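# Structural overview for review
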Amino acid sequence: MITLRQIDTSNYLDCFRLRLGADQARFVSDPIRSLAQAYVYREQCVPFGIYAQDTMVGYVLVLYDPDERTYNIWHMMIDGACQNRGYGRQALGQVLAYIAAKPFGASDRVLLTCDPANSRAYHLY
């Protein structure tokens, strides 16, 4: 079972230890960069650790654009050693449930970007 937990001072170092497979590094930002962006946009962005029991296996950022009134699924990744176990699919479902509660404000759209060359992510989304 996968859970989402907000990344904060108690678990950010676990996020920094996550690594993608070598062929995926061109598609997703390094966790340090992603958390820096979450900090810059902290009024409208929540970073979540993706957990399998008590182990962080990935992360995802949820960003709200108040001008466009849209939610964005941003920088989602699963550690290379933890892929192919259904974690990404389960996490995506939980992210969508979080967004459905409209924690930042009204919206009728959810956006994400995905390079079509990232076949694993493209298939998931």
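Notes on the structure in this doc start here.

## Examining helix α2 (residues 31-40)
Buried within α2 we find P31, S34, L35, Q37 and A38. End-on, the buried residues of α2 take up no more than an arc of 155°, which puts them together on one face. Turned more than 90 degrees off the buried face of α2, the exposed positions are Y39 and V40. Taken together, the buried residues of α2 touch α1 (12-16), β2 (45-52), β3 (55-65) and β4 (70-78). Backbone nitrogen of I32 and a side-chain oxygen of the N-cap are separated by 2.8 Å at the start of α2; the cap is D30.

## With respect to the nonpolar core
One finds I2, I50, V57, V60, Y87 and V95 to be the most contacted residues of the largest nonpolar core, which totals 21 residues. For this core, the elements supplying multiple residues, two or more each, are β1 (2-6), β2, β3, β4 and α3 (87-100). Ranked by residues supplied to this core, first place goes to α3 with five residues. Membership of the second largest hydrophobic core comes to nine residues, among which are I7, C15, L18 and V28.

## Notes on α3
If you check α3, its first and last C-alpha atoms are 20 Å apart, about what 14 residues at 1.5 Å a residue would give, namely 20 Å. Taken together, the buried positions of α3 are Y87, G88, A91, L92, V95 and I99. Projected down its long axis, α3 shows its buried positions confined to an angular sector of 125°, all on one face. Opposite its buried face, α3 presents the exposed residues R89 and A100, each directed more than 90 degrees away.

## Examining the environment of V57
For V57, the position within the fold is in strand β3. Measuring from C-alpha to C-alpha, the distance between V57 and C114 comes to 20 Å, with 57 residues separating the pair along the chain.

## Digging into a nonpolar patch on the surface
A cluster of nonpolar side chains, contributed by Y39, V40 and Y41, occupies part of the molecular surface with about 340 Å² of accessible area. Along the chain, the position of Y41 falls in the loop between α2 and β2. The partly exposed category is assigned to Y41, whose relative accessible area is 38%.

## Some thoughts on the pattern of salt bridges
Counted by the stated rule, this structure contains three salt bridges. In this structure, R5 and D54 form a salt bridge, with 3.1 Å as the shortest nitrogen-oxygen distance. Here R5, found in strand β1, pairs with D54, found in the loop between β2 and β3; they are 49 residues apart in sequence, far enough to count as distant. A relative accessible area of 32% places R5 in the partly exposed class. In this structure, E68 and R109 form a salt bridge, with 4.0 Å as the shortest nitrogen-oxygen distance. Of this pair, E68 sits in the loop between β3 and β4 while R109 sits in the loop between α3 and β5 (110-112), and the two are 41 residues apart along the sequence.

About the cut-offs
- Residues numbered from 1 in each chain as written.
- Predicted model: local features only at pLDDT ≥ 70, side-chain atom pairs only at ≥ 80, totals over all residues.
- Heavy atoms only, no water.
- Buried < 20%, exposed > 50% of the residue type's maximum accessible area, 1.4 Å probe, protein only.
- Helix = DSSP H or I, 4+ residues; strand = E, 2+ residues; numbered from the N terminus.
- Arc of directions from axis to C-beta.
- Contact = heavy atoms within 4.5 Å.
- Polar contact = N/O pair within 3.5 Å; in protein donor to acceptor, adjacent residues only side chain to side chain.
- Core = buried A, V, L, I, M, F, W, Y, C linked by side-chain atoms within 4.5 Å.
- Expected span 1.5 Å × (residues − 1).
- Patch = residues over 30% accessible without salt bridge, like charges linked within 9 Å, V, L, I, M, F, W, Y side chains within 5 Å.
- Areas by Shrake-Rupley, 256 points an atom, 1.4 Å probe, with all protein chains shown as cover.
- Salt bridge = Lys/Arg side-chain N within 4 Å of Asp/Glu carboxyl O.

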